[in-house]
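Reading the structure
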Amino acid sequence: MIEVVPGYVNAFVVFDPLTTDHDAVATAIRDALAQPSTTDPAGALHRLPVCYDGALAPDLSDVASAVGLSEEEVIDAHLGGRYRVEMFGFAPGYGYLSGVPEAIRVPRKPTPVRDVPAGSVIVADAQCLVTTLTMPTGWSVIGRSPAPIFTADETRPVRFDVGDRIEFERIDRAEFERLEALR
């Protein structure tokens, strides 16, 4: 095998057809899955600052109404989530995080919103992510992080890997603007 690209419910496997064939690779994968790992590697821990202030969290009020909580309770629940990077997809650096608390899970919006800024902290169902590009999304924007997701290291272009853990830390607007200015 040359490369394995994991997804939420599948994996894309690239193999050299000059040294093996589809049946041999499929058999090797089935054999590996029959003997699951008994360990769950914790992965590295990354702390990401997030500001939940007004214009930086345009859907916070709607999420609170949808789940029957106050905005502060939604923020507390979000901060208390146990997030893990499950995969990358859709756009560069989009690390899909599992671990959104049940209490704040909301479905995708029926219509995407355009021009959602990079750094937006968004949720949909059991997933969360920090956007890396300004683009449309149907997910709910509940905050924004000034933390850069991309690195200057071309051998490690994204700050976290699949399996890493993420903790969000609340910052106020002044700290957000200070950190944003450093980017």
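Data block above holds the structure.
Heads up: these notes are all about the structure in this document.

Conventions we followed
Residues numbered from 1 in each chain as written. Predicted model: local features only at pLDDT ≥ 70, side-chain atom pairs only at ≥ 80, totals over all residues. Heavy atoms only, no water. Helix = DSSP H or I, 4+ residues; strand = E, 2+ residues; numbered from the N terminus. Axes fitted to C-alpha atoms, helices over the stretch in contact; angles between N-to-C directions. Parallel < 35°, antiparallel > 145°, perpendicular 65-115°, else oblique. Contact = heavy atoms within 4.5 Å. Nonpolar A, V, L, I, M, F, W, Y, C, P; charged D, E, K, R; others polar. Phe/Tyr/Trp six-rings, centres within 6.5 Å; stacked < 30°, edge-to-face > 60°. Salt bridge = Lys/Arg side-chain N within 4 Å of Asp/Glu carboxyl O. Buried < 20%, exposed > 50% of the residue type's maximum accessible area, 1.4 Å probe, protein only.

A short note on the environment of A124
Take A124: it is sitting in strand β7 (residues 120-124). Spatially, the C-alpha atom of A124 lies 6.4 Å from that of S140, the residues being 16 residues apart in sequence.

Overview of the packing of helix α2 (residues 60-67) against helix α3 (residues 71-79)
Look at α2 against α3: their axes get within 8 Å of each other, and the N-to-C directions meet at 95 degrees. Between α2 and α3, the interaxial angle falls into the category roughly perpendicular. Between α2 and α3, the contacting residues are L60, S61, V63, A64 and V67 on the first element and E71, V74 and I75 on the second. For the contact of α2 with α3, the class distribution of residues is 6 nonpolar, 1 polar and 1 charged.

Quick notes on the packing of aromatic side chains
Counted according to the given criterion, the structure contains 4 aromatic pairs. Their ring planes at 10 degrees and their centres at 6.0 Å tell us that F88 and F160 sit as a pair that is stacked. Note that F88 is positioned in strand β4 (residues 83-88) and F160 in the loop between β10 (140-144) and β11 (165-170), a separation of 72 residues in sequence. Seen from their ring centres, F90 and Y94 are 5.9 Å apart, and the 45 degrees between their planes marks the pair as tilted.

Describing the pattern of salt bridges
A complete count under the given rule lists 10 salt bridges for this structure. For D59, the salt bridge identified is with K109, shortest N-O distance 2.7 Å. Here D59 is found in the loop between β3 (45-50) and α2, whereas its partner K109 is found in the loop between β5 (95-98) and β6 (113-116), with 50 residues between them in sequence. The class for D59 is buried, based on a relative accessible area of 9%. A salt bridge links D161 to R156, with the shortest nitrogen-to-oxygen separation between them at 2.7 Å.

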